[in-house]
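Here are the chains, one letter per residue:
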Amino acid sequence: MQTRRNFLHNTAKATLAVAVSGSVLTNLAQAEPARNQAAPLSFSQIKLPYAYSDLEPNIDAITMEIHYTKHHAAYIKAINEAIVAENISESSEEQLLANISKYSAKARNNAGGAWNHNFFWENLSAKQTGPSEKTMQLITSSFGSMEKFKEQFATAATSRFGSGWAWLILDESGKLKITSTANQDNPLMDVVDQRGIPVLALDVWEHAYYLHYQNKRADYIKNWWNVVNWKIVHERLA
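Residues numbered from 1 in each chain as written. Predicted model: local features only at pLDDT ≥ 70, side-chain atom pairs only at ≥ 80, totals over all residues. Heavy atoms only, no water.

Caption draft 1: Region of the structure containing the overall build of the protein chain. Scanning the protein chain from N- to C-terminus turns up 11 helices and 3 strands. N-terminal to C-terminal, the α/β element order of the protein chain is α-α-α-α-α-α-α-α-β-β-β-α-α-α. Expressed as a percentage of contacts within the protein chain between residues at least 6 apart in sequence, the contacts between residues at least 24 apart total 69%. Counting only carbon and sulfur atoms, one obtains 51% of the accessible surface of the protein chain, whose full area is about 10900 Å². (Helix = DSSP H or I, 4+ residues; strand = E, 2+ residues; numbered from the N terminus. Contact = heavy atoms within 4.5 Å. Areas by Shrake-Rupley, 256 points an atom, 1.4 Å probe, with all protein chains shown as cover.)

Structural data, given as structure tokens:
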């Protein structure tokens, strides 16, 4: 499986061509590593780089275990079924997302659920980290300060009605933007209003927090910052 880290690292290089091409997203195909065209597309779960309990008290072990072994596993199974049933022959996960409007609701919902969760697990760290100087500079220049960035991101997460995600992305002009998507959509899809390259994501489906936080989504968002993996955010922006 092509990992999101390698894909996003290579896609970040494509932002250098923005001044010439006018769009990051038009460079998606060129930015992808070569893939064995003979191999059928298949999604799989990444191995968690931490134990279920390692994110406590911010995210509890039971929620993590159910989230990973039940919800995420179900998305993986369903998208691989859809790939076979619909004879999907896209060259990569990201290319499928970029062309998702061509496929069924099952493919859309479960491809998003499979990809988004792999991306989300990498966002999290058992060791508290902080943003690098370069990341701080980029966030400050885009949003005014880290505090203002967190406020705007929290607003996107809390104001998302029902289930969905909040995102920090590089938009088509290569600028940092905050956006949100419904259900399991993500900014790589050709069906969303604001497309871009994901840098950071927060899952605000109730299954991500309800066992511990009940209906207090704002508390979940506040505590989630304590387990953000700023190292990988830096790598995605490098």
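Structure's up, so let's keep going.
Caption draft 2: Inspection of helix α4 (residues 61–85) at higher detail. Given a rise of 1.5 Å per residue, 25 residues ought to cover 36 Å, and the 35 Å separating the end C-alpha atoms of α4 matches this to within 8%. Where α4 bends most, the angle comes to about 35°, and this point is His67. Elements in contact with the buried residues of α4: α5 (93–98), α6 (105–123), β3 (196–203) and α9 (210–213). Trailing α4 by a residue or two, Asn87 shows a phi angle of about 55°, which is positive. (Expected span 1.5 Å × (residues − 1). Bend = angle between axes of the 7 residues up to and from the residue.)

Caption draft 3: Geometry of the sheet that holds strand β2 (residues 176–182). Spatially, β2-β1-β3 is the arrangement adopted by the 3 strands of the open sheet, whose pairing is antiparallel. Each end of this open sheet is capped by a strand with a single partner; those strands are β2 and β3. Strand-to-strand twist across the sheet, computed as the mean angle between neighbouring axes with direction ignored, equals 30°. As defined by bridge partners, strand β1 (residues 164–171) adjoins β3 across 7 bridges and the pair is classed as antiparallel. Residue pairing in the sheet places Leu170 in a bridge with Ile197 of β3. (Pairing = 2+ DSSP bridges. Axes fitted to C-alpha atoms, helices over the stretch in contact; angles between N-to-C directions.)

Caption draft 4: Structural context of the nonpolar core. By size, the foremost hydrophobic cluster in this structure holds 62 residues, and its most contacted members are Phe43, Phe149, Leu202 and Trp224. With residues up to four places along the chain from it excluded, the contact list for Phe43 reads Ile76, Ile79, Asn80, Ile83, Glu93, Leu96, Ala111, Ala114 and Trp115. (Core = buried A, V, L, I, M, F, W, Y, C linked by side-chain atoms within 4.5 Å. Buried < 20%, exposed > 50% of the residue type's maximum accessible area, 1.4 Å probe, protein only.)

Caption draft 5: Broad picture of a nonpolar patch on the surface. On the surface, Ile62, Ile66 and Leu211 cluster together into a nonpolar patch covering about 280 Å² of accessible area. With respect to the secondary-structure elements, Leu211 resides in helix α9. (Patch = residues over 30% accessible without salt bridge, like charges linked within 9 Å, V, L, I, M, F, W, Y side chains within 5 Å. Salt bridge = Lys/Arg side-chain N within 4 Å of Asp/Glu carboxyl O.)

Caption draft 6: Layout of the pattern of salt bridges. Scanning the model with the defined rule gives 7 salt bridges in all. Note that Arg236 and Glu122 form a salt bridge whose closest N and O atoms lie 3.4 Å from each other. With Arg236 in helix α11 (residues 230–237) and Glu122 in helix α6, this pair connects stretches of sequence that are 114 residues apart. With a relative accessible area of 4%, Arg236 lands in the buried category. Taken together, the shared-partner salt bridges connect Lys77, Glu81 and Lys106 into one network.

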